[in-house]
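In case you want the letters, here they are:
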Amino acid sequence: KEDDDYRGVVLLGVRKWHDKNYNLLSQKDQPFGWEGFLPRNISPGEATPIALMTYAPEVPGEYIIKVDMVDKHITWFSDAGSEPVLRRIRVVEGAR
């Protein structure tokens, strides 16, 4: 029920994790914890920094994350035509 309270709230999220060759990680290997809240209402075309925290995969290596805006429980922005952001991430053993 708590998660339903966010329906329609716009967030930044990690949509999917991929390996370094852009193969989608299996569902069991997809880390959980992926949302960044907007600091305030943002106008179209405006830019603002957003902190995004996520868990890393358990296996060290090179990964690619797909970051996208999401209208919670409604749609990912890229499904409506916007371009998601892809970022390379290096996961190292013992890092915190």
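These numbers come from a predicted model, not from an experiment. (Residues numbered from 1 in each chain as written. Predicted model: local features only at pLDDT ≥ 70, side-chain atom pairs only at ≥ 80, totals over all residues. Heavy atoms only, no water.)

This paragraph deals with the pairing of strand 3 (residues 61-71). Across nine bridges, the pairing between strand 1 (residues 10-19) and strand 3 is antiparallel. Residue pairing for strand 3: Val10 is matched across the bridge by Asp71. Two elements, strand 3 and strand 5 (residues 85-91), share seven bridges in a ladder whose sense is antiparallel. The partner of Glu62 across the bridge, within strand 5, is Arg90. As judged from the two bridges shared by strand 3 and strand 4 (residues 75-76), these two strands associate in the antiparallel manner. From the neighbouring strand, Asp71 faces strand 4, where its bridge partner is Thr75. Once strand 3 ends, the chain turns through three residues before running back antiparallel as strand 4, passing His73 with a positive phi of about 65°. (Pairing = 2+ DSSP bridges. Helix = DSSP H or I, 4+ residues; strand = E, 2+ residues; numbered from the N terminus.)

The next point concerns the environment of Pro84. Looking at the secondary structure, you find Pro84 in the loop between strand 4 and strand 5. The spacing of Pro84 and Arg15 is 69 residues in sequence and 8.9 Å in space, taken between C-alpha atoms. Once residues lying within four places of it in the same chain are set aside, the contact partners of Pro84 are Lys66, Val67, Asp68 and Ser78. (Contact = heavy atoms within 4.5 Å.)

Quick look at the nonpolar core now. Judged by nonpolar contacts, Leu12, Val14, Trp17, Leu25, Tyr63, Ile65, Val67 and Val91 together constitute the single largest core of eight residues. Looking at this core, the elements that each hand over two or more residues are strand 1 and strand 3. Trp17 has contacts with Leu24, Leu25, Gln30, Pro31, Thr54, Tyr55, Ala56, Pro57, Tyr63, Ile64, Ile65 and Ile89, leaving out every residue within four places of it along the chain. (Core = buried A, V, L, I, M, F, W, Y, C linked by side-chain atoms within 4.5 Å. Buried < 20%, exposed > 50% of the residue type's maximum accessible area, 1.4 Å probe, protein only.)

Okay, the pattern of salt bridges next. Summed over the entire model, instances satisfying the criterion amount to four salt bridges. Its salt-bridge partner being Lys28, residue Asp29 comes within 3.3 Å of it at the nearest N-O pair. Taking the shortest distance from any N to any O, the salt bridge between Glu46 and Arg40 comes out at 2.8 Å. Using a relative accessible area of 34% as the deciding quantity, one classes Glu46 as partly exposed. (Salt bridge = Lys/Arg side-chain N within 4 Å of Asp/Glu carboxyl O.)

The next subject is the packing of aromatic side chains. Tallying each qualifying case throughout the model produces one aromatic pair. Ring centres 5.9 Å apart and planes at 80° place the aromatic pair Trp17 and Tyr63 in the edge-to-face group. Here Tyr63 lies in strand 3 and Trp17 lies in strand 1, a separation of 46 residues in the sequence. In this pair, the class of Trp17 matches that of Tyr63, namely buried. (Phe/Tyr/Trp six-rings, centres within 6.5 Å; stacked < 30°, edge-to-face > 60°.)

Its identity as a non-glycine residue notwithstanding, Tyr22 has a phi of 65°, on the positive side. On the secondary structure map, Tyr22 appears in the loop between strand 1 and strand 2 (35-37). Residue Tyr22 is classed as partly exposed on the basis of its relative accessible area, which comes to 35%. For His73, which is not glycine, the phi dihedral falls at a positive 65°. By secondary structure assignment, the location of His73 is in the loop between strand 3 and strand 4.

Interpretation note: all reported values are geometric properties and have no functional meaning in isolation.
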